[in-house]
Amino acid sequence: MNFYTITALYAVFGGLGIGIFLWGKPDGNSMFDRLYRLICQQLPAGIKRALEKCCGKRAPAFLDWLWNYVCYTSNPIVQVFYLCVIVGGFLTFVTYGFPHLPNRLVGSVHKYTGFAVFVVCLSVWWKACSTDPGTVTPLNVDDLCKIHEWDDVIFTNMQCKTCDIVKPARSKHCGLCNVCVARFDHHCIWLNNCVGVGNHKWFLSFLFWHLVLCLYGFSLGTVLIYNVIVEKDLQNAVFVDPLTRQKHKATWSIIGQYMLASEGMIIFVSLLALVMGLVLFGFFLWHLNLVRTGMTTNELSKWNYVKWSLRQEGEQGKEELKKLVNPYNLGMVANFKEVFFNIDVHRMPGRAGRKDQAQAKPRDKKKAKKS
């Protein structure tokens, strides 16, 4: 298969995968619904039946355990995959791209700036992974309830059954991390960590610097590819068909095939950087817009459900819909300050007093026993 056929197949299967992920449902009759049932329900069930016949009941049980571990527990699998992709991509570019530096279009300084951006990417990724997202504890829960008050629309005074503490507004219990997180946004599999009040700015930095790395890699790779075409004067070259020995004048299609054969790795990494850069660009802008409006991913989902419920109530619901206001929207500047100059949930004003009280209780018990 040639390059164009492979690219078309990747586009088709990639598009179907995204469509199944976004629109596929267990029930329904759309194409994505049927594909969802086939790939996510019928195919796994068939594999489990085949494994049970071949290897006994332990094989499907192990498959269930593996699926549960990968999808429903906090684990480093995606983090390892991320490291393989970013480190492998950078080393590939170093191996095949750096030998073309310097040239008449770009200087050798890009070897050092590229490495610097790569190091920054890994640094902000690790910072986002290792920073506490804002764990709600008995020592800070009262302060957090004062900072984020319940609006009685999407957040009400509730008790977390798992943590056995009150849930401040804007918080959520993460089933993967098994903690309640203040100003919870979402659980990021690339970080193996929740994104909350404590590390939201590092998550945004993670998106931004990886966007910079992807666009930088694509731009530099494009310049290197163009420089090879110019240096070898491929636009004026004559190519010979290896089978028919027929001579052909250079066309962009022929030049593209030649470059894929001679500089295929640079082209591959550059295109990968372009695709990932476009995805990151959209994702980054979407999250910036959420911050601008004083909303989190979790809250967006809740507001969408509230709006959907009101629409089901007819004209009265539509009137109520017009009155909805996000009480956590403090204005664009204040919203960005809330994220980038965030509170430290482990250094709250009332935390020291409650800590002293907690330490004093055991001492009081000891005194009571002595008396």
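Residues numbered from 1 in each chain as written. Predicted model: local features only at pLDDT ≥ 70, side-chain atom pairs only at ≥ 80, totals over all residues. Heavy atoms only, no water.

Our working definition: UniProt positions are given in the numbering used here, feature names are shortened, and annotations may be inferred rather than shown by experiment.
Taking an unreviewed UniProt entry as the reference, the protein chain is identified by name as Palmitoyltransferase belonging to Prorocentrum cordatum. Under the heading Sequence similarities (unreviewed entry), UniProt records this for the protein chain: "Belongs to the DHHC palmitoyltransferase family." According to the UniProt record, the Subcellular location (unreviewed entry) comment for the protein chain is "Membrane".

Observations regarding the overall build of the protein chain
Let me state the cut-off plainly: Per the convention used, a helix needs a DSSP run of H or I reaching at least four residues, while a strand needs a run of E reaching at least two, with both numbered from the N terminus. The size measure is the radius of gyration over C-alpha atoms, and the globule rule it meets is 2.2 Å times the number of residues to the 0.38 power. Relative accessibility decides the category of a residue: with a 1.4 Å probe and only protein chains considered, values under 20% of the type maximum give buried, values over 50% give exposed, and everything between is partly exposed. By definition, residues are in contact when any of their heavy atoms lie within 4.5 Å.
For the protein chain, the helix and strand inventory stands at 12 helices and eight strands. The C-alpha atoms of the protein chain give a radius of gyration of 27 Å, which is well past the 21 Å a tight globule of 371 residues would have. If you line up the protein chain on its principal axes, its C-alpha atoms span 105 × 55 × 55 Å. When the 371 residues of the protein chain are sorted by exposure, 33% land in the buried category. At a minimum sequence separation of 6, the contacts of the protein chain that also span at least 24 residues come to 60%.

Notes on the UniProt feature "transmembrane region" (unreviewed entry) in the protein chain
What UniProt calls "transmembrane region" (unreviewed entry) maps, in this numbering, to residues 6–24, 80–98, 206–229 and 265–286. The span residues 6–24 is 95% helical and 0% strand by assignment, and the distance between its end C-alpha atoms comes to 25 Å. Segment residues 265–286 splits into 100% helix and 0% strand. End C-alpha atoms: 32 Å apart.

Structural notes on helix α11 (residues 332–340)
Put simply, the test is: The reported arc concerns the directions from the helix axis to the C-beta atoms and nothing else.
Where α11 is concerned, the buried positions are N335, E338 and V339. All buried residues of α11 lie within an arc of 95° about the axis, which places them on one face of the element. Residues of α11 that are buried sit in contact with α7 (200–231) and α8 (252–292).

As for a nonpolar patch on the surface
For clarity, the threshold we go by: In this analysis, a patch consists of residues with relative accessible area above 30% that form no salt bridge, clustered at 9 Å for like charges and at 5 Å for the nonpolar side chains Val, Leu, Ile, Met, Phe, Trp and Tyr. The protein chains shown are the only cover counted for residues, whose accessible areas, like all others here, come from Shrake-Rupley with a 1.4 Å probe. The term salt bridge refers to a side-chain nitrogen of Lys or Arg lying within 4 Å of a carboxyl oxygen of Asp or Glu.
Together, Y96, M265, F268, L272, V275, M276 and V279 make up an exposed nonpolar region whose accessible area comes to about 640 Å². With six residues, the top contributor of residues to the nonpolar patch is α8. Mapped onto the fold, M265 is located in helix α8. The class for M265 is partly exposed, based on a relative accessible area of 35%.

A word on the packing of aromatic side chains
What counts, and what does not: Each aromatic pair joins two rings of Phe, Tyr and Trp (for Trp, the six-membered one) with centres within 6.5 Å, and gets the label stacked for planes under 30 degrees apart, edge-to-face for over 60, and tilted for any other angle.
As enumerated under the stated definition, the model contains 19 aromatic pairs in all. Taking 6.2 Å as the distance between ring centres and 35° as the angle between the ring planes, the aromatic pair formed by F81 and W190 counts as tilted. A residue pair is termed long-range when its members are at least 10 positions apart, and F81 in helix α4 (residues 77–97) and W190 in the loop between β5 (186–188) and β6 (193–195) qualify at 109 residues. Seen from their ring centres, F203 and F206 are 6.4 Å apart, and the 35° between their planes marks the pair as tilted. Of this pair, F203 and F206 both sit in helix α7, three residues apart, which is roughly one turn of the helix. Across the pair, F206 and F203 agree in class, each one buried.

Some details on the nonpolar core
Selection rule: Grouping buried Ala, Val, Leu, Ile, Met, Phe, Trp, Tyr and Cys residues that are joined through side-chain atoms within 4.5 Å yields what is termed a nonpolar core.
Of all hydrophobic cores here, the largest spans 25 residues; its most connected members are I86, W125, L191, F203, F206 and L207. Elements represented by at least two residues in this core include exactly α4, α5 (109–130), α7 and α8. No other element matches α7, which puts eight residues into this core. Excluding residues that lie within four positions of it along the chain, I86 makes contacts with F118, C121, L122, H210 and L213. Ranked by size, the runner-up nonpolar core spans 11 residues in total, among them C180, A182, V197 and M348.

Some remarks on the pattern of salt bridges
Applying the stated criterion to the full structure yields eight salt bridges. In this structure, E299 and R170 form a salt bridge, with 2.6 Å as the shortest nitrogen-oxygen distance. Note that E299 is positioned in helix α9 (residues 297–311) and R170 in the loop between β2 (165–167) and β3 (172–174), a separation of 129 residues in sequence. When its relative accessible area of 0% is taken as the criterion, E299 is described as buried. With its nearest N and O atoms 3.4 Å apart, the salt bridge here joins R170 to E338. Residue R170 is located in the loop between β2 and β3, and its partner E338 is located in helix α11; the two are separated by 168 residues in the primary sequence. E338 matches R170 in its accessibility class, with the two residues each being buried.

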